[in-house]
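Okay, here's what each chain looks like letter by letter:
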Amino acid sequence: MLLRIFSTFQIVKSTFRRTHTLINYKTYPLHDRESNAYNQLILNSRQEFLSTGCLYLPHFLTNETLSTILNEINSILINSPQTLYNSYVEHTDNLYNTSNSEKNLNEIESSGKTIIAFDQIPNESLLRKIYSWNSLIDFITDIIQIYPHLYPSCDELGALYINIYNQSNKLSWHTDHSHFFVNLLLQQASISNEGMFEYKTKNNQEIISRKDFQAGGLVLFNGRIYPHRVTEVRLSKLPRINAILTYDCNPDHRLTNYVLQKFFGRTVQKH
Ligand SMILES: O=C(O)CCC(=O)C(=O)O
Ligand SMILES: [Fe+2]
């Protein structure tokens, strides 16, 4: 009996320890929504998001979490590279719009990257756990404060997906449809200025180049108002890797078949 209590205690303790190394709880006390530290973090984060359109939370993940996720991604890249979609899209500042009839030809840009879709990320992966982790969803809801509730998307391909920017890949200037996106930075290119996130300030007066972004950071960005891009990876042998976490105010959120075909090259699950 004593042994059983002891081992139960060990399991509880180790689970507790494990969940408490998932992110940097010291800087980001997501486990304690009632605390002063949490409320101060929300105030500061919200202020940064509202005033600049871009909230950067450096060292959000612990090194341990980051390397586990990168290992998960590497095994997908090694075991099933042929199933991944190499996306190439020609577009205007609206990523969905490829019809160039009304647009001047030099307003057409191109973007390319490799995508690991949601149905290609294993169910038991740490990345999926982080995506559906309620404390993270509460945290994002508290910062954005546009909707009373946010839910993970039900989309089989686009709920959570990984962008891999290899040599000659980039995402050209565009604005998004949604009010915010959540971006987990997992690996930066090894050459500065390559695979770099850039955006324009209000009234397009200035371009901000986020040279300071580092793997393990979390970014919330208002892509609807601020035009943004990812610069081309040219010489870096190390690809830029990031995960996009899609949350929506509608619990049944799904992308349309048009958008799926355009960005994921298919509309159905791959088995
Ligand atoms: O990959 C990125 O960092 C940016 C993604 C983005 O802008 C988008 O998906 O609309
Ligand atoms: Fe975007």
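Numbering of residues starts from 1 in each chain and follows the order in which that chain's sequence is written. Think of it this way: whatever chain is written first is A, whatever ligand is written first is 1, and the rest follow in order. pLDDT decides what is reported in this predicted model: residues at 70 or higher carry local features, side-chain atom pairs at 80 or more are listed and counted, and totals for whole chains, interfaces and linings draw on all residues regardless.

**As for the overall build of the chain**
The condition is simple: Helix and strand definitions follow DSSP, with helices as H or I runs of at least four residues and strands as E runs of at least two, each counted in order from the N terminus. Three classes are used. A residue is buried when 20 or more other C-beta atoms lie within 10 Å of its own, exposed when 12 or fewer do, and partly exposed in between, with C-beta atoms placed from the backbone. What counts as a contact here is a pair of residues whose C-beta atoms, placed from the backbone, lie within 7 Å.
Of regular secondary structure, the chain possesses 6 helices and 13 strands. Buried positions account for 31% of the 271 residues belonging to the chain. Taking contacts inside the chain between residues at least 6 apart in sequence as the whole, the part at least 24 apart equals 82%.

**Observations regarding the sheet that holds strand 6 (residues 171-174)**
Stated precisely, the cut-off is as follows: At least two bridges found by DSSP between two strands is the condition for calling them paired. Only the stretch in contact is used when a helix axis is fitted, and all axes are lines through C-alpha atoms; the angle between N-to-C directions ranges over 0 to 180 degrees.
One open sheet holds the 4 strands; their spatial order is 6-11-8-9, and the pairing between them is antiparallel. Pairing within the sheet leaves two strands with one partner each, and these edge strands are strand 6 and strand 9 (207-209). Sheet twist, expressed as the average angle between the axes of neighbouring strands with direction ignored, equals 15°. Summarising the sheet, strand 6 and strand 11 (residues 228-230) pair through 2 bridges and their orientation is antiparallel. Counterpart to L171 in the pairing with strand 11 is V230.

**A word on the UniProt feature "domain: Fe2OG dioxygenase" (unreviewed entry) in the chain**
As a reminder of what qualifies: UniProt positions are given in the numbering used here, feature names are shortened, and annotations may be inferred rather than shown by experiment.
Under the present numbering, the feature "domain: Fe2OG dioxygenase" (unreviewed entry) in UniProt falls on residues 155-251. Taken as a whole, residues 155-251 contains 0% helix and 40% strand, while its terminal C-alpha atoms sit 11 Å from one another.

**Let's talk about the site of ligand 1**
For clarity, the threshold we go by: Whether a residue is near a molecule or strand depends on its C-beta atom, placed from the backbone, lying within 6 Å of it. Only Asp, Glu, Lys and Arg are considered charged, only Ala, Val, Leu, Ile, Met, Phe, Trp, Tyr, Cys and Pro nonpolar, and every remaining residue, Gly among them, polar.
Contacts to ligand 1 come from N163, L171, D176, F181, N183, F197, G223, H228, V230, N242 and I244. Only strand 7 (181-187), strand 11 and strand 12 (240-245) provide two or more residues apiece to the shell around ligand 1. Considered class by class, the residues forming the shell around ligand 1 number 5 nonpolar, 5 polar and 1 charged.

**Structural notes on the environment of F181**
The topology assignment puts F181 in strand 7. Expressed as a C-alpha distance, the spacing of F181 and C54, which sit 127 residues apart in the sequence, is 9.9 Å. Setting aside anything within four residues of it in sequence, one finds F181 in contact with D176, F221, G223 and I244.

**Some words on helix 2 (residues 36-52)**
Note the following rule: How far a helix is expected to stretch is found by multiplying one less than its residue total by 1.5 Å.
For helix 2, built from 17 residues, the straight-helix expectation of 24 Å at 1.5 Å per residue is met to within 8% by its first-to-last C-alpha distance of 24 Å. Looking one or two residues beyond helix 2, the residue adopting positive phi is G53, at roughly 85°.

**Observations regarding the confidence of the model for the chain**
It should be kept in mind that the predicted coordinates are not to be read in detail where pLDDT is low. What counts, and what does not: pLDDT gives the predictor's per-residue confidence on a scale running from 0 to 100.
Within the chain, residue pLDDT values average 90, and 88% of them lie at 70 or more. Note that pLDDT drops below 50 for residues 11-17; the model gives that stretch 0 contacts with residues more than four away or on any other chain.

**Observations regarding the pairing of strand 12**
Each regular strand carries side chains that alternate between the two faces of the sheet. Burial of strand 12 is extensive: 5 of the 6 residues sit out of reach of the surface. Across 6 bridges, strand 5 (residues 160-165) lies against strand 12 in antiparallel orientation. Bridging from a neighbouring strand, I162 pairs with A243 of strand 12. Strand direction decides the pairing type here: strand 7 and strand 12, joined by 5 bridges, are antiparallel. When the sheet's bridge partners are listed, L184 is paired in strand 12 with A243.

**A word on unusual backbone geometry**
In this structure, H59 is a non-glycine residue whose phi angle is positive, near 50°. Inspection of the secondary structure assignment puts H59 in the loop between strand 1 (54-57) and helix 3 (63-79). Judged by C-beta crowding, with 17 C-beta atoms within 10 Å, H59 ranks as partly exposed. A positive phi angle is found at S168, which is not glycine, with a value near 75°. As for its position among the elements, S168 is in the loop between strand 5 and strand 6.

**Some details on the environment of L157**
In this fold, L157 is placed in the loop between strand 4 (151-152) and strand 5. On the basis of neighbour count, L157 is assigned to the buried category, with 25 C-beta atoms found within 10 Å. Spatially, the C-alpha atoms of L157 and F263 are 9.7 Å apart, while their sequence positions differ by 106 residues.

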